[in-house]
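Overview (structure and organization)
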Amino acid sequence: NISSTLETINDLESQVRSYSRSFPAVFEKAKGYHLWDTNGKEYIDFFAGAGALNYGHNNEKMQHALIEHIKNDGIIHSLDMGTETRAAFLKAFNEIILRPRGLDYKVMFPGPTGTNSVEAAIKIARKVTGRENIISFSNAFHGMTIGSLALSGNAMKRKGAGIPLNNATVMPFDHYVEGENTIDYVKRFLSDDGSGVDLPAAIILETVQGEGGLNTASYTWLQEIEQICKEKEILLIVDDVQAGCGRTGTFFSFEPAGINPDIVCLSKSIGGIGLPMAVTLIKPEWDRWNPGEHNGTFRGNNLAFIAATEALNYWKDHRFSLDIQEKAETIQQELSRIISAYPFMNGTLRGRGLMQGIACGTPGIAEEITQKAFEKGLIIETSGADDDVIKLLPPLIIDAEGIEKGISILEESIKEIKQ
Ligand code: PMP
C-alpha cells in the first residue's frame, strides 16, 4: 500500500545523503522553459538542468531526430566504433564551430560528463609537460572525482573526499582580493627563485564561475593568464562546461577575450537535449596519447551525437546569438533595478550573458528567496561558497514573456522575504 506523499514518491529514505533535497516536487513533463509537476503545477525553469538544457526541454527538432533514429534501429551504443552519427557530429562541429573561428583542435570524447572532460584535460597536460602540479582558482568548480576535485576552490566540496587533496594549487581568481592585482600573485608564486609553487603542467579556469558564485574574469585578466602560460610553457585549460555552448552569448565563453587555450572542456549543453556527452578539445600538438591510454564504455553515445548535431545546426542561426545578448541585457537591467529597489538584500550584480544573478550581502536570504520562488513556480538555485548568490540560468531559448514572468516571481519572492 504505497502512500502517494512527496516523501514516498521521491523515496528519499533509500537515496544517499549527498543528494540535494532542494526541489520539493515530483516532475512529470517539460517543454521549452517550462516544467510541470504531478499536480499540474507549472514552473518556469531558470535552472536549465544546471546548464545542460541551453536549448530548452524537448526541443522538437532534436526530439524528432532521436525518435526517427530509434524507430529505424539506429545504433545507440557503439563504444569507439565509427558511426554515421558520430561522423555527422564531427563534421558539424568542425564546420559550424571550429573552422569559422579559425580554431584548430582535435576532438576527444572523454566520457559522458564534464568531470570526465576535466580529468582528460589534466591527464594530457601532465603527460605533455611531465609536470604534476595544476593551478586552479578560488571558488573554482571542475568536478567531483579525486583529480578534478583537487582543483576545487570550495572547502565544503573538497571535504567530500575525506582527506586533503594534492596535486593542485588554488590561487586567487580575478577580483578575489579587493584592490589587488591577482595576476601579480600568480607571477610571484611562479617566479623561478624556488620560493613559490612547483611549475605547473597547466592553469585551469572558468571565465565565469558557475558554481562558485558567478564571478567573472575580465578579458584583460584572461589575456594576462594566457601570456603567463606562454612564457612559462604551461598549458592553458578553459573549463567551458557551464559557461560554454553559448551561455555567455558566444559559443565559447573565451571568444571575446581573444585567447586561444591549449585545451577546452565542454559538456552539459553540448548534448543538446540533456543527454550525457562531453568533449575535450586538444591542440593537435598535444595529442600525445597512445590508443587505450584514456577510454571508457560510455564515451560517444550515438543519441547524444544526434541531439548535439541538431543543437549545432540551431546555433548556426546567427540571429540566435544576438538574441542571447539582448536577453542578457534585459535580465541585467531588471536585476540592477531589483538591487536598487530592495536595499535590505545588500545585493551586487554578478555574471555575464545568460548566467547572471545577485550576490546577497545579507546572510541566508538567497536560500530563502530561492525557496519562496520555487513555491511560486520559478526554479532557481543558489551558488557560491556560502550559497549567497541567487543564480539565474534560463535556457537560451527563453523569450521576453518568460523573462518577465521569471523576474516578476523573483521580485515577489524578495518582497515577501522582506516582510
Ligand atoms: N566544470 C564546470 C565548470 C561545471 O560547472 C561542472 C558541473 N557543474 C563540471 C565541470 C562537472 O560536470 P559534470 O557534473 O557533468 O561532471
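Residues numbered from 1 in each chain as written. Predicted model: local features only at pLDDT ≥ 70, side-chain atom pairs only at ≥ 80, totals over all residues. Heavy atoms only, no water.

If you check an unreviewed UniProt entry, the protein chain appears there as Diaminobutyrate--2-oxoglutarate transaminase from Oceanobacillus locisalsi. Turning to the protein chain, the UniProt annotation filed under Pathway (unreviewed entry) states: "Amine and polyamine biosynthesis; ectoine biosynthesis; L-ectoine from L-aspartate 4-semialdehyde: step 1/3." Per UniProt, the protein chain has the following entry under Sequence similarities (unreviewed entry): "Belongs to the class-III pyridoxal-phosphate-dependent aminotransferase family." (UniProt positions renumbered as here; feature names shortened; annotations may be inferred.)

Looking only at helices and strands, the protein chain features 13 helices and 17 strands. For 419 residues, the compact-globule estimate of 2.2 N^0.38 gives 22 Å, and the C-alpha radius of gyration of the protein chain, at 21 Å, lies within 12% of that figure. Scored against the burial criterion, the 419 residues of the protein chain give a buried share of 51%. Looking at the protein chain alone, contacts between residues at least 24 apart form 72% of all its contacts between residues at least 6 apart. Surface exposure of the protein chain reaches about 19200 Å², of which carbon and sulfur atoms provide 50%. Each charge class in the protein chain was averaged separately, 40 positive and 55 negative side chains, and the resulting centres sit 2 Å apart. (Helix = DSSP H or I, 4+ residues; strand = E, 2+ residues; numbered from the N terminus. Rg over C-alpha atoms; globule rule 2.2 N^0.38 Å. Buried < 20%, exposed > 50% of the residue type's maximum accessible area, 1.4 Å probe, protein only. Contact = heavy atoms within 4.5 Å. Areas by Shrake-Rupley, 256 points an atom, 1.4 Å probe, with all protein chains shown as cover. Lys, Arg positive; Asp, Glu negative; His and termini not counted. Charge placed at Lys NZ, Arg CZ, Asp CG, Glu CD.)

Moving on to the pairing of strand E10 (residues 235-239). Within a regular strand, side chains alternate between the sheet's two faces. Most of E10 is tucked away, with five of its five residues classed as buried. Burial of E10 is two-sided: the residues Leu235, Ile237 and Asp239 facing one way and the residues Leu236 and Val238 facing the other way are all buried. Where strand E7 (residues 202-205) meets E10, four bridges bridge the pair, whose relative direction is parallel. Bridge pairing in E10 places Leu205 opposite Val238. Inspection of the sheet shows E10 paired to strand E11 (residues 263-266) by three bridges, in the parallel sense. Across the sheet, residue Ile237 finds its bridge partner in E11, namely Ile263. (Pairing = 2+ DSSP bridges.)

Quick look at the pattern of salt bridges now. The full count for this structure, using the stated rule, is 17 salt bridges. Between Glu334 and Arg337 there is a salt bridge whose closest N-O contact spans 2.8 Å. Within this pair, Glu334 and its partner Arg337 are both found in helix H11 (residues 318-341), separated by three residues, close to a single helical turn. By relative accessible area, which is 25% here, Glu334 ends up partly exposed. The exposure class assigned to Arg337 is partly exposed, which follows from its relative accessible area of 35%. Here Lys405 makes a salt bridge to Glu401, at a shortest N to O gap of 3.6 Å. (Salt bridge = Lys/Arg side-chain N within 4 Å of Asp/Glu carboxyl O.)

The subject of this paragraph is the packing of helix H12 (residues 365-375) against helix H13 (residues 400-418). Packed helices, taken two at a time, are described by their axes: the angle between them and the distance between them. Running from N to C, H12 and H13 point in directions that differ by 125°, and their axes come no closer than 9 Å. With respect to their mutual orientation, H12 and H13 come out oblique. Between H12 and H13 lies a crossing whose hand is right-handed. Contact with H12, carried on its side by Ile365, Glu368, Ile369, Lys372 and Ala373, involves Ile409, Leu410, Ser413, Ile414, Glu416 and Ile417 of H13 and no other residues of that element. Here the contact of H12 with H13 is built from residues that sort into seven nonpolar, one polar and three charged. (Axes fitted to C-alpha atoms, helices over the stretch in contact; angles between N-to-C directions. Parallel < 35°, antiparallel > 145°, perpendicular 65-115°, else oblique. Left-handed = near helix turned anticlockwise from the far one by under 90°. Nonpolar A, V, L, I, M, F, W, Y, C, P; charged D, E, K, R; others polar.)

Right, let's talk about the environment of Glu285 for a bit. Looking at where Glu285 falls in the secondary structure, it is placed in the loop between strand E12 (279-282) and helix H10 (302-316). Residue classification places Glu285 among the partly exposed positions, given a relative accessible area of 44%. As a C-alpha pair, Glu285 and Val128 span 157 residues in sequence and 9.4 Å in three-dimensional space.

What follows is about the sheet that holds strand E17 (residues 389-392). Spatially, four strands are ordered E13-E14-E17-E16 in an open sheet, and the strand pairing comes out antiparallel. Edge positions in the sheet fall to strand E13 (347-352) and strand E16 (381-383), since each has one partner strand and no second. Adjacent strand axes in the sheet meet at a mean angle of 30°, parallel and antiparallel pairs treated alike. As paired strands, strand E14 (residues 355-360) and E17 are joined by four bridges and run antiparallel to one another. Looking across to E17, one finds that Ala359 is bridged to Val389.

Bringing the packing of aromatic side chains into the picture now. Using the criterion set out here, one finds 19 aromatic pairs in the structure. Consider the rings of Phe93 and Phe251, whose centres lie 6.4 Å apart with planes at 70°: the pair is edge-to-face. With Phe93 in helix H4 (residues 84-98) and Phe251 in the loop between E10 and E11, this pair connects stretches of sequence that are 158 residues apart. Phe93 sits in the buried class, given a relative accessible area of 0%. Both rings, one in Phe252 and one in Phe254, keep their centres 5.2 Å apart while their planes meet at 20°; by these two values the pair is stacked. Judged on exposure class, the residue Phe252 and its partner Phe254 are both buried. Through successive ring pairs, a cluster of aromatic residues spans Tyr55, Phe89, Phe93, Phe109, Phe251, Phe252, Phe254, Phe305, Tyr314, Trp315 and Phe320. (Phe/Tyr/Trp six-rings, centres within 6.5 Å; stacked < 30°, edge-to-face > 60°.)

Quick look at the site of the ligand now. In the neighbourhood of the ligand, the contacting residues comprise Thr113, Gly114, Thr115, Phe141, His142, Glu206, Glu211, Asp239, Val241, Gln242 and Lys268. In the environment of the ligand, an oxygen atom lies 2.9 Å from a nitrogen or oxygen atom belonging to the backbone of Gly114. Between an oxygen atom of the ligand and a side-chain N or O atom of Gln242, the distance comes to 2.8 Å. Taken together, the residues of the shell around the ligand break down into two nonpolar, five polar and four charged. (Near = heavy atom within 4 Å. Polar contact = N/O pair within 3.5 Å; in protein donor to acceptor, adjacent residues only side chain to side chain.)

So, on to unusual backbone geometry. Backbone geometry at Glu233 places phi at a positive 55°, although glycine is not the residue there. The residue Glu233 is located in the loop between helix H9 (219-232) and E10 in this model. When its relative accessible area of 61% is taken as the criterion, Glu233 is described as exposed.

What follows deals with the state of the cysteines. According to the stated counting rule, one finds zero disulfides in the structure shown. The thiol sulfur of Cys229 is not disulfide-bonded, and the nearest other cysteine sulfur, from Cys265, lies at 14 Å. Among the residues examined, Cys229 registers a relative accessible area of 3% and is labelled buried. Note on Cys245: no disulfide assigned, nearest cysteine sulfur contributed by Cys265 at a separation of 12 Å. By relative accessible area, which is 2% here, Cys245 ends up buried. (Disulfide = S-S within 2.5 Å.)

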